[in-house]
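Structural description and commentary
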Amino acid sequence: MNPAIVAPDAFDIIEISAGGQLTTEQRRNLGSVAKMLQHAASNKMFLGDNAHLNPINEYLSSSNQKFRRFFLAACDVHSLEEKFNVDQYSDLVTVTKPVIYISIGEIINTHTLLLDHQDAIAPEHNDPIHELLEDLGEVPTVESLIGENPLPPDDPNKDLMGKTEVSLTLTNKFDVPGEANTEMDAKTLLLNTKRLIVDVIRFQPGETLTEILDSTASPEQVKNTCDVVEINYFSL
């Protein structure tokens, strides 16, 4: 948030008349506010050259606890599966693959975060994300993703290129169906799933499909369902 606090005029947070600008004193005051927030968020005390500000160190320490509670609350969100109503089987029955719109800079930032925290994100050694990151390799540059020649680090065009937005169709790297039969395979899977659900409904009581699928089946119901499924399977 600091850039927006120090230069609110550059982020359209405040309106300034044509030719007008913030005074030096105003910018200095905003800089002090940003500095205080930075110290409070990182629990950094005023020492050394800033020893004259020691009296507010206690306030910074208590404010840091507020920041920590805020960050923890901000991270306490629903799981992706619950938020988007998906599970491990959703991709198998989705005929049209989802498309996302993302900037080149966001791709690079996401790649960097995944590499830096992959052990925390995927502690299991056999997690597929490790294989994906290994295939991707090092974090790419903006120029390499766009296909441009390398630019100097301070070239302003790099920021503009980083804001370039692209659309990506999400596909499963580990799913390798036949090219011509991809859509047919998905429809066949959906049809077979519906057939199995119908077989379950015949022997499982319930007012709704969710209630039927969530209920525990008795040994007799399991046997009856398996017998029907076996007969249907061999009749295909």
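Owing to the predicted nature of the structure, the values given are computational and were not obtained by experimental measurement.

This paragraph deals with helix H6 (residues 104-116). For H6, with 13 residues, the first-to-last C-alpha span of 19 Å sits near the 18 Å given by 1.5 Å per residue. Among all positions in H6, only Ile104, Gly105, Ile108 and His111 are buried. Buried residues of H6 fall within an arc of 130 degrees about the axis and therefore sit on the same side. Those residues of H6 that are buried are in contact with strand S1 (99-103), helix H8 (128-136), helix H9 (142-146), helix H10 (157-162) and strand S2 (165-169).

A few words now on the side chain of His130. With respect to the secondary-structure elements, His130 resides in helix H8. Of note is the side chain of His130, whose polar atom sits 3.3 Å from the backbone oxygen of Glu124. Look past the residues within four positions of His130 in its chain and what remains in contact with it is Gln118, Asp119, Ala122, Glu124 and His125.

Let us now look at the environment of Arg69. Tracing the backbone through its elements, the reader meets Arg69 in helix H3 (residues 57-75). With 58 residues separating them in the primary sequence, Arg69 and Asp127 have C-alpha atoms 31 Å apart.

Quick look at the packing of aromatic side chains now. Across all of its chains, the model carries two aromatic pairs by this definition. Summarising the aromatic geometry, the rings of Phe67 and Phe71 are spaced 5.8 Å apart at their centres and angled 40 degrees between planes, so their arrangement reads as tilted. Taken as a pair, Phe67 and Phe71 lie in helix H3 at a separation of four residues, close to a single helical turn. Taken together, Phe67, Phe70 and Phe71 form an aromatic cluster joined through their ring pairs.

Here we come to the confidence of the model for the chain. Averaged over all residues, the pLDDT of the chain is 83; the fraction at 70 or higher stands at 92%. Ranking the elements of the chain by mean pLDDT puts helix H5 (residues 90-93) last, at 70, and H6 first, at 92.

Once that is clear, we can look at the UniProt feature "domain: Ras-GAP" (unreviewed entry) in the chain. The UniProt feature table records "domain: Ras-GAP" (unreviewed entry) at residues 1-42. Helix makes up 57% of residues 1-42 and strand 0%. Its end C-alpha atoms lie 14 Å apart.

Cut-off values and rules
- Just so you know, the residues in each chain are numbered from 1, in the order the chain's sequence is written.
- For this predicted model, a pLDDT threshold of at least 70 governs which residues receive local features, and a threshold of 80 or more governs which side-chain atom pairs are given and counted, while totals over whole chains, interfaces and linings are taken from all residues.
- Computation of side-chain values: all heavy atoms of the structure, hydrogens and water removed.
- For helices the rule is a DSSP run of H or I covering at least 4 residues; for strands it is a run of E covering at least 2, with both sets numbered from the N terminus onward.
- The length a helix should cover is 1.5 Å for every residue beyond the first.
- When accessible area is computed with a 1.4 Å probe and restricted to protein chains, residues below 20% of their type maximum are described as buried, those above 50% as exposed, and intermediate ones as partly exposed.
- Note: the arc covers the axis-to-C-beta directions of the helix.
- Contact definition: two residues touch when any of their heavy atoms are within 4.5 Å.
- In protein, a polar contact means a hydrogen-donor-capable atom and an acceptor-capable atom, both N or O and within 3.5 Å, with residues adjacent in sequence counting only if both atoms are side-chain atoms; elsewhere, any N or O pair within 3.5 Å suffices.
- Paired rings are identified among Phe, Tyr and Trp, the last through its six-membered ring, by centres lying within 6.5 Å, and are further divided according to the angle between planes into stacked (under 30 degrees), edge-to-face (over 60) and tilted (the rest).
- pLDDT runs from 0 to 100 and stands for how confident the predictor is about each residue.
- UniProt positions are given in the numbering used here, feature names are shortened, and annotations may be inferred rather than shown by experiment.

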